[in-house]
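These are the residues of each chain, in order.
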Amino acid sequence: MSDILIPTEEALAEAPPPTRGGGALRYVLTKIGGGLISFALVVVLGFLLFRALPGDVVQTMTRGRPATPAMMAALEHKYGLDLPLWQQFLHYIGALLHGDMGESYFYNVPVWQKIGERLWPTLLLVGVSTLISVALGLWLGTRAGWRRGSLFDRLSTGVALTLWSTPTFWLGMLLLAATSGWFPTAGIVNSDTPPDFFSQAVDVAHHMVLPTVTLVAVTYAQYQLVMRSSLIEEMGADYLTTARAKGLREDLVRRRHAVPNALLPTVTLVFLHLGFVIAGAISVETVFSWPGLGLLTYDALTKNDLPLLQGTFIVLAGAVILMNTLADLLYRVLDPRVRAA
């Protein structure tokens, strides 16, 4: 048996330190690859799922209008509905790879154009709601966690748990009934509003009150509960005891040491949850007739508009996948334990 060579201390000292660049690149590529695979599955699922819905597309398109069998056959041929399913799928994938999502059956415009028209109202609603939810959730979660067991903690946590378990559409309908006549209940701007920027902005903000309050009420609760739980875990850490032993005021211990370390799970949750908020806006936009992607998806579903359904499904599901991937990448940046793994 050959002798086992044990490196000397001098050799170990001269050896270059292990590099972590390969591990970081592998981590990024793995997460991006997983996101692309998930997106590919979404495309396939979206194509098959909506074709399994009950109802005939051509009959829905011609509902309420006289149509002969020859006209219905011509419509099926125009949109490729008379082809076998596998040929429809190949045509759909080929067009999608060239950036073409087809033409809406109901609106008679390219799907990308219709989605582009409805995208900014959804981004506006979700963006404002997310900013308010994050600020409110972090503030309430910090106060509740730092004063664990107090009356404020019990009340705020109880309210958060109740709102978190409340269906969004049900809460929206309650707000509609409770505030009838106080705020606009449909649309994004009134037709008689002056065209200047200030008047339009005020009118849009007035229309946003109810849908924003609905989204914030359901969303902030999750951020509050996660922030509270994270802060309670940090309160028993040794570094906080050391900070207090150095004579730091309790307010500085909380703001400079405890809160920044407790923020990590909440920050990653914001990115992780943002995609679901965009997708979950369907019910809110439908209740308040907010002209965004959610209402467009509902309209496409009721009209059996397959290209538009597939397009909105891909955009909404893609937003969830993108935000999940960004959350994974951000977690590695913020948490040194993940970088060291």
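Scoring rules and cut-offs
- Along each chain, the written sequence defines residue order, and numbers are assigned to residues from 1.
- Local features in this predicted model are restricted to residues of pLDDT 70 or higher, and side-chain atom pairs are both shown and tallied only at a pLDDT of 80 or more, whereas totals for entire chains, interfaces and linings draw on every residue.
- To obtain the side-chain values, all non-hydrogen atoms of the structure were included, while hydrogens and water were left out.
- Where helices and strands are cited, they refer to DSSP runs of H or I of at least four residues and of E of at least two residues respectively, numbered from the N terminus.
- Residue exposure (1.4 Å probe, protein chains only): buried if accessible area is under 20% of the type maximum, exposed if over 50%, otherwise partly exposed.
- Whether two residues are in contact is decided by their heavy atoms, any of which lying within 4.5 Å being enough.
- Multiplying 1.5 Å by the residue count of a helix minus one yields the expected span of that helix.
- When we speak of the arc, we mean the arc of directions from the helix axis to the C-beta atoms.
- Patch construction takes residues with relative accessible area above 30% that form no salt bridge. Like charges are linked within 9 Å, and nonpolar side chains (Val, Leu, Ile, Met, Phe, Trp, Tyr) are linked within 5 Å.
- Using the Shrake-Rupley algorithm and a 1.4 Å probe, accessible areas are obtained, with residue cover drawn only from the displayed protein chains.
- Note on definitions: salt bridges are taken to be side-chain nitrogens of Lys or Arg within 4 Å of carboxyl oxygens of Asp or Glu.
- Axis lines are fitted through C-alpha atoms, for helices just across the contact stretch, and the angle between N-to-C directions can take any value from 0 to 180 degrees.
- We call two directions roughly parallel when the angle between them is under 35 degrees, roughly antiparallel when it is over 145, roughly perpendicular when it lies between 65 and 115, and oblique otherwise.
- Put simply, a crossing is left-handed when the front helix is turned counterclockwise from the back one by less than a right angle, and right-handed when it is turned clockwise.
- Under the scheme applied, nonpolar residues are Ala, Val, Leu, Ile, Met, Phe, Trp, Tyr, Cys and Pro; charged residues are Asp, Glu, Lys and Arg; polar residues are all the others, including Gly.

## Things to note about the overall build of the chain
Okay, so step 1: Helix and strand counts for the chain stand at 14 helices and 0 strands.
Okay, so step 2: Listing every helix and strand of the chain by position from the N terminus yields α-α-α-α-α-α-α-α-α-α-α-α-α-α.
Okay, so step 3: The proportion of buried residues among the 341 residues of the chain is 38%.
Okay, so step 4: Considering only intrachain contacts with a sequence separation of at least 6, the fraction spanning at least 24 residues in the chain is 76%.

## What about the side chain of Thr-166?
Okay, so step 1: Within the secondary structure layout, Thr-166 lies in the loop between helix H7 (151–164) and helix H8 (168–178).
Okay, so step 2: With sequence-adjacent residues up to four places away left out, Thr-166 is seen in contact with Leu-171 and Val-218.

## Points about H7
Okay, so step 1: The first and last C-alpha atoms of H7 sit 20 Å apart over 14 residues, in line with the 20 Å expected at 1.5 Å per residue.
Okay, so step 2: Listed as buried for H7 are Asp-153, Ser-156, Thr-157, Ala-160 and Leu-163. The buried side chains of H7 occupy one side of the element, clustering within an arc of 130° when seen end-on. Of the exposed residues in H7, the ones pointing more than 90 degrees away from its buried face are Leu-151, Arg-154 and Leu-155.
Okay, so step 3: Tucked inside the fold, the buried residues of H7 contact helix H6 (111–146) and helix H9 (197–235).

## Examining a nonpolar patch on the surface
Okay, so step 1: Together, Phe-169, Trp-170, Met-173 and Leu-174 line one region of the surface with nonpolar side chains, adding up to about 410 Å² of accessible area.
Okay, so step 2: Residue placement: Leu-174 occurs in helix H8.
Okay, so step 3: Residue classification places Leu-174 among the partly exposed residues on the basis of a relative accessible area of 39%.

## Quick look at the packing of H8 against H9
Okay, so step 1: Across the interface, H8 lies against H9 with an axial gap of 10 Å and an inter-helix angle of 135°. Compared by their axis directions, H8 and H9 come out oblique. Between H8 and H9 lies a crossing whose hand is right-handed. Across the interface between the two elements, Thr-168, Leu-171, Gly-172, Leu-175 and Leu-176 of H8 pack against Leu-210, Val-213, Thr-214, Ala-217 and Val-218 of H9.
Okay, so step 2: Of the residues assigned to the contact of H8 with H9, the class counts are 7 nonpolar, 3 polar and no charged.

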